[in-house]
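# Remarks on the overall topology
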Amino acid sequence: MHSDDRGIPRRAFLKSAVAIGGASALAACAERDPEPVPAGTENPSSLPERQHAWQQFLAQDDAGNTIPPRHHVLLHLEYDGDSPTERERQTVEDALRSLERAYEFSNEGLVFTLGYSPSYFETLGGSPVGVDLPAPRALSDLEDPELDTPDAVVHLASDRAKVVLRAGQGLRGENDALNGEPMEAALTDAFTVADRRTGFVGAGLPADHQDTGGVPDSDPVPEDAPLYMGFKSTFEKSQATEDRVTIQSGPFEGGTTQHASHIDLNLQQWYEQDGREERVAKMFCPAHAESGAVEGVGENLGDSPQLDDCADAEDAAREKGVVGHSQKLESVRENDRPIILRRDFDSTDGGHAGVHFVSLQRSISDFVDTREAMNGGDVTERSAVGRRRNNGIRQYLSVTHRGNYLLPPRSARALPSPGGVDA
Ligand code: HEM
């Protein structure tokens, strides 16, 4: 582990800098990561029409799984105007293109999206044409989340903590130039920042940040775990493809929808009472626990959670009294892949271990169907598995917030009307 001269573990420092934000966090952070950041494109219009086309720009592991960028920021924004003008749209576009010129669109530089909520479109007189974008709501009878209704949300992601910090400053008008490129406008010329949420994902980061609410004091999170619960997630074959989540027609063709919830994790029992086998059974399936299919955080599984080796969810529930999280979700697969693309990350926001569960799907109903499968209603009716107890990982999760957004195609990302930017 790298330490600075005051003994702060380097990774811990980088994360808390993102969570804390501000000029001094950034200055200290840049001092610890002096390496230059690759420059962006001279021609932002050469970037893909899909804002969410990140995969081709991100690193992959040896098994061909996309590695999520390590540092994340979600900026919630309120639109200052009543009805977008061409000038405002130009301002927003200028701000975003400035980021694209400043940083390579990659995990080494910066990837980002800008999305808009149902309430934003409602203010402008309707819902986005051709898109399933309902207002967020509770998705199980065990939750009572706060429903997020900012007008817009920016998702910034990079392996470099200083990049998400600087980009955030640039968007807020606090930095005239990023990586030697001028910020031609700020998003705060058209919006007001309403909230800032942060997080991280990747080997070592959760272990370095386990001194927080919801995690027992015994430092149980494995050093190499990419997520607090101790397993690798986002295997290539347990993700929807970017094609599957892309809107196919209409003014927002090439866009996608984004669900962003925040979930508090309560890992006392997970680590202090459940053993390794129970954790594997609840996360994957009881058959994987019995066969020892999952080694460590699950790197040995390759590019798939190997759900073919799991029994049917109802059979497992009846025969083993436990059903796995991924096992339940197999029922919503299409062409042997899930229908949502997860881009979630862990967080210590609110002083508590949590997850910002960001996922992309063609329609919000794809997310709702997936979440219903995770609730396991059928399973609880026909077995001893409870709504919480032995029902995948539900017992350890409390949903605190939910929000739905449309990520328009790049050409319609600047303050779209319900009919697109030309409407
Ligand atoms: C918040 C804590 C959560 C953790 C730690 C977690 C972790 C995992 C892990 C380790 C896997 C198995 C590896 C994989 O298949 O990629 C998985 C699969 C999956 N999870 Fe979660 N998950 C969480 C919440 C959710 C939520 C809220 C949803 C959405 C409803 C969800 C949807 C999925 C889907 C669709 C799969 C793939 C299943 C398949 O392969 O068919 N997860 N998750």
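Before any of the text, the structure's been laid out above.
These notes cover the structure that comes with them. (Residues numbered from 1 in each chain as written. Predicted model: local features only at pLDDT ≥ 70, side-chain atom pairs only at ≥ 80, totals over all residues. Heavy atoms only, no water.)

### Points about the coordination of the iron atom of the ligand
There is one protein donor for the iron atom of the ligand, namely His325 (NE2), at 2.1 Å. Inspection of the secondary structure assignment puts histidine 325 in helix α11 (residues 325-329). (Donors = N, O, S within 2.8 Å, 3.2 Å for Na, K, Ca; no water. Helix = DSSP H or I, 4+ residues; strand = E, 2+ residues; numbered from the N terminus.)

### Some words on the environment of leucine 341
By the secondary structure assignment, leucine 341 is in strand β9 (residues 341-342). Among residues more than four places away in sequence, those in contact with leucine 341 are Gln239, Ala240, Glu242, Val245, Val358, Ser359 and Leu360. (Contact = heavy atoms within 4.5 Å.)

### Regarding the nonpolar core
Judged by nonpolar contacts, the single largest core of 92 residues is most densely connected at Val92, Leu156, Leu171 and Phe191. Here this core takes six residues from helix α5 (residues 161-171), the largest share from any one element. Grouped together as the second largest cluster of nonpolar side chains are eight residues, Leu74, Val153, Leu227 and Ala260 included. (Core = buried A, V, L, I, M, F, W, Y, C linked by side-chain atoms within 4.5 Å. Buried < 20%, exposed > 50% of the residue type's maximum accessible area, 1.4 Å probe, protein only.)

### Let's talk about the environment of serine 233
Here serine 233 is to be found in the loop between α6 (205-208) and β8 (256-265). Sequence-wise, serine 233 and histidine 325 are 92 residues apart; in three dimensions their C-alpha atoms are separated by 11 Å. Residue contacts for serine 233: discarding those within four places in its chain leaves Leu227 and Arg342. Of the polar contacts made by the side chain of serine 233, one reaches the side chain of arginine 342; its length is 2.7 Å. (Polar contact = N/O pair within 3.5 Å; in protein donor to acceptor, adjacent residues only side chain to side chain.)

### Observations regarding the packing of aromatic side chains
Applying the stated rule across the entire model yields 12 aromatic pairs. With centroids separated by 4.7 Å and ring planes inclined at 40°, the aromatic side chains of tyrosine 116 and tyrosine 120 adopt a geometry described as tilted. Each member of the pair, tyrosine 116 as well as tyrosine 120, is classed as buried. Ring centres of phenylalanine 200 and tyrosine 228 lie 6.0 Å apart, and the angle between their planes is 75°; on these two criteria the pair is classed as edge-to-face. With phenylalanine 200 in strand β7 (residues 191-200) and tyrosine 228 in the loop between α6 and β8, this pair connects stretches of sequence that are 28 residues apart. This pair shows no difference in class: phenylalanine 200 is buried, exactly as tyrosine 228 is. (Phe/Tyr/Trp six-rings, centres within 6.5 Å; stacked < 30°, edge-to-face > 60°.)

### Thoughts on helix α3 (residues 86-102)
When the terminal C-alpha atoms of α3 are compared, their 24 Å separation across 17 residues agrees well with the 24 Å that a helix rising 1.5 Å per residue should span. Looking at α3, one finds that the buried residues are Glu88, Arg89, Thr91, Val92, Glu93, Ala95, Leu96, Ser98, Leu99, Glu100 and Ala102. (Expected span 1.5 Å × (residues − 1).)

### Side note on the site of the ligand
Close to the ligand lie 26 residues; Thr234, Ser238, His325, Arg333 and Arg342 are nearest. Taking arginine 342, its side chain carries an N or O atom lying 3.0 Å from an oxygen atom of the ligand. Only α11, β11 (354-361) and α12 (364-375) provide two or more residues apiece to the shell around the ligand. It is α12 that provides the largest number of residues to the shell around the ligand, a total of four residues. (Near = heavy atom within 4 Å.)

### Looking at the pattern of salt bridges
This model, assessed by the stated rule, comprises 27 salt bridges. The residue arginine 387 makes a salt bridge to aspartate 141 at a minimum N-O spacing of 3.1 Å. Here aspartate 141 lies in the loop between α4 (118-123) and β3 (146-147) and arginine 387 lies in the loop between α13 (377-381) and β12 (397-407), a separation of 246 residues in the sequence. Accessibility expressed as a relative area gives 45% for arginine 387, which makes it partly exposed. (Salt bridge = Lys/Arg side-chain N within 4 Å of Asp/Glu carboxyl O.)

### Some remarks on the pairing of β12
Where burial is concerned, most of β12 is hidden: nine out of the 11 residues are buried. Pairing of β3 with β12, which is carried by two bridges, proceeds in the parallel orientation. Within β12, the position partnered with glutamate 146 by the bridge is histidine 401. Of the pairings in the sheet, the one linking β8 to β12 comprises 10 bridges and is antiparallel in character. Within the sheet, the bridge partner assigned to leucine 265 lies in β12 and is leucine 397. (Pairing = 2+ DSSP bridges.)

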